[in-house]
Amino acid sequence: PFSQYIANGNGTWNPTTNTLTIPWQTHPQYPMRTETTVYTLNATDPAPAAPTDLAATVFTPGHILLNWTSGNFTSQFEVERSTSSGSGFTKIADVIFPLIAYKDLDPGLVTGTTYYYRVRAKNASGTSAYSAEVNIIPRSNYLFLPMSNLPGKTFTRTGGGGAWGDIDGDGINDLALPVTTDSTGQNVAPPLIFRSLGNGQFVKYPIPELADMAASTRNINIIDINNDGLNDIFISVSNASDILLIRKSDGTYQKITMTQYTQGGIPNSSWADYDNDGYLDLLATTYTGLGTASDKILLRNNSGDGTFTRITEGELVTDFGFTRETQWADYDNDGDQDVIVLNQASSIAVQQQTRLYKNNGDGTFTRVLGSVFESFVGIDRSCSWGDYDNDGHLDIFIAGTSTNRLYRNLGDGTFVQVTGSVVEETT
């Protein structure tokens, strides 16, 4: 996969031969390999390939949103519509690449009528075949209202995790999404907040304190760090400082930039009151350890005033890692929060494996050596705790890049993998 390879920064362009030379090497987690790849610019591009994955969605009442995937060598697209499958199509729009989306805002669209769409690509050398048709029926109701900040685009990729919570204080859960890229592949910031109207519908909820945010987000937590009954927002930011928004009684936010650490490309965060002082504490991960350094930051909440003390000692924060996510739970039912650290392991090595840490009840943690989690080689991306068998002990489901796994808590501090489960699958 492409993620195995990184450029070394010495690429060169030759305008005489129209060649781009890129030396590259494998990522440190993989066996070392160095190569050079040379790309030659075509004198004339061939005709483009047909668009694929055309999809249609009711965007707003009476309006249709189209998305598709572009083939190579495309400079623009033609969008066509009909009320009959296979015939009667007329062009309704030209879309210039790199846009790969179109909003059909025709006021003449009739609710309850089936419409058919198809798209083809064009460049100076010719026109592609048509995409497969899609059909859709406009309706008068909706779930999410459209994004108003990027007309003509739609959002196609979110970060590591969204969050539900009552952001505006009306007693109804809202939705926060850490969107990273739009339909053109461009980074998107700030994150998207959808406010629930209480009738099953949502509208975009802008937060002025995030208006100047430039970096894309990977994870969002909705938490109350000062126990004032107002939900605050924590945002994990790629290759920049994380952001904490403390909500005030007037609906505005105190914006705090987390300067205690430097974030990496795939950050994550989780909150729990690990020291039982009544205030939620932060465990942030940077994904920068690469199995040879620590990439976990534990910050103890100083009484909810927006300040934190960084904990620099103990196995939890000093163990090396290649951390993707952390999740808190009291797996041993002793009254304090333990934590599992999901890692990206390329070999059986305790410094790269997914690991479980037991809370000792005195503000320190002990790594549970020899746990069943440490025997897995692969990339663990996300997990969820829950007592699926109602025996009073929290079990855990782990989602990985290659396999998903369910582990049953035996109640004695150990876990066993549940094989043959319907939720176990190869991805």
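Structure shown above.
In this report, the structure presented in the accompanying data block is examined. (Residues numbered from 1 in each chain as written. Predicted model: local features only at pLDDT ≥ 70, side-chain atom pairs only at ≥ 80, totals over all residues. Heavy atoms only, no water.)

1. Overview of the pattern of salt bridges
Oppositely charged side chains are able to pair whenever their charged atoms sit close together.
Link 1 in the chain: Using the criterion set out here, one finds 16 salt bridges in the structure.
Link 2 in the chain: Within this structure, Glu-78, Arg-120 and Lys-122 form a network of salt bridges that share partners. (Salt bridge = Lys/Arg side-chain N within 4 Å of Asp/Glu carboxyl O.)

2. Comments concerning the nonpolar core
Link 1 in the chain: One finds Ile-64, Leu-66, Trp-68, Phe-77, Val-79, Tyr-102 and Tyr-117 to be the most contacted residues of the largest nonpolar core, which totals 18 residues.
Link 2 in the chain: When residues of this core are traced back to their parent elements, those giving at least two are strand E5 (52-60), strand E6 (63-69), strand E7 (76-82), strand E8 (90-96), strand E10 (115-123) and strand E12 (134-136).
Link 3 in the chain: Ranked by residues supplied to this core, first place goes to E10 with four residues.
Link 4 in the chain: Setting aside chain neighbours within four positions, we find Leu-66 in contact with Leu-54, Ala-55, Ala-56, Val-79, Ile-100, Ala-101, Tyr-102 and Tyr-117.
Link 5 in the chain: If you look at the next biggest cluster of nonpolar residues, it comprises 16 residues, including Ala-163, Ile-167, Ile-193 and Val-237. (Core = buried A, V, L, I, M, F, W, Y, C linked by side-chain atoms within 4.5 Å. Buried < 20%, exposed > 50% of the residue type's maximum accessible area, 1.4 Å probe, protein only. Helix = DSSP H or I, 4+ residues; strand = E, 2+ residues; numbered from the N terminus. Contact = heavy atoms within 4.5 Å.)

3. A short note on the packing of aromatic side chains
Link 1 in the chain: If you walk through the whole model with that rule in mind, you get twelve aromatic pairs.
Link 2 in the chain: Arranged with centres 6.4 Å apart and planes meeting at 55 degrees, the rings of Phe-77 and Phe-97 form a pair that is tilted. Pair noted here: Phe-77 is in strand E7 and Phe-97 is in the loop between E8 and strand E9 (101-104), with a separation of 20 residues, a long-range link.
Link 3 in the chain: Overall, Phe-77 belongs to the buried group, its relative accessible area being 0%.
Link 4 in the chain: Judged by centre distance (5.2 Å) and plane angle (55 degrees), the rings of Phe-373 and Phe-415 are tilted. With Phe-373 in the loop between strand E30 (365-367) and strand E31 (378-386) and Phe-415 in strand E34 (residues 415-417), the pair connects residues that are 42 residues apart, well separated along the chain.
Link 5 in the chain: Residue classification places Phe-415 among the buried residues on the basis of a relative accessible area of 9%.
Link 6 in the chain: Linked through ring pairs, Tyr-331, Phe-373, Trp-385, Tyr-407 and Phe-415 together constitute an aromatic cluster.
Link 7 in the chain: A cation sits over an aromatic face here: Arg-118 above Tyr-130, 3.7 Å from the ring centre.
Link 8 in the chain: One Lys or Arg, Arg-405, reaches over the ring of Phe-376 and ends 3.6 Å from the middle of that ring. (Phe/Tyr/Trp six-rings, centres within 6.5 Å; stacked < 30°, edge-to-face > 60°. Lys NZ or Arg CZ within 6 Å of the ring centre and 35° of its normal.)

4. Notes on the sheet that holds strand E18 (residues 202-204)
Where strands meet in a sheet, backbone hydrogen bonds hold them as pairs that are either parallel or antiparallel.
Link 1 in the chain: Taking strand neighbours across the sheet as the criterion, the four strands line up as E14-E15-E17-E18 in an open arrangement whose pairing is antiparallel. Of all the strands in the sheet, the pair left with one neighbour each is strand E14 (163-165) and E18. Between one strand axis and the next, the sheet turns by 25 degrees as a mean value, whatever way the strands run.
Link 2 in the chain: Relative to E18, strand E17 (residues 192-196) runs antiparallel, the two sharing three bridges. What sits directly across from Ser-196, in E18, is Phe-202. (Pairing = 2+ DSSP bridges. Axes fitted to C-alpha atoms, helices over the stretch in contact; angles between N-to-C directions.)

5. Remarks on a nonpolar patch on the surface
Link 1 in the chain: On the surface, Trp-13, Leu-20, Tyr-39 and Leu-41 cluster together into a nonpolar patch covering about 420 Å² of accessible area.
Link 2 in the chain: Summarising the element assignment, Leu-20 is placed in strand E3 (residues 19-26). (Patch = residues over 30% accessible without salt bridge, like charges linked within 9 Å, V, L, I, M, F, W, Y side chains within 5 Å. Areas by Shrake-Rupley, 256 points an atom, 1.4 Å probe, with all protein chains shown as cover.)

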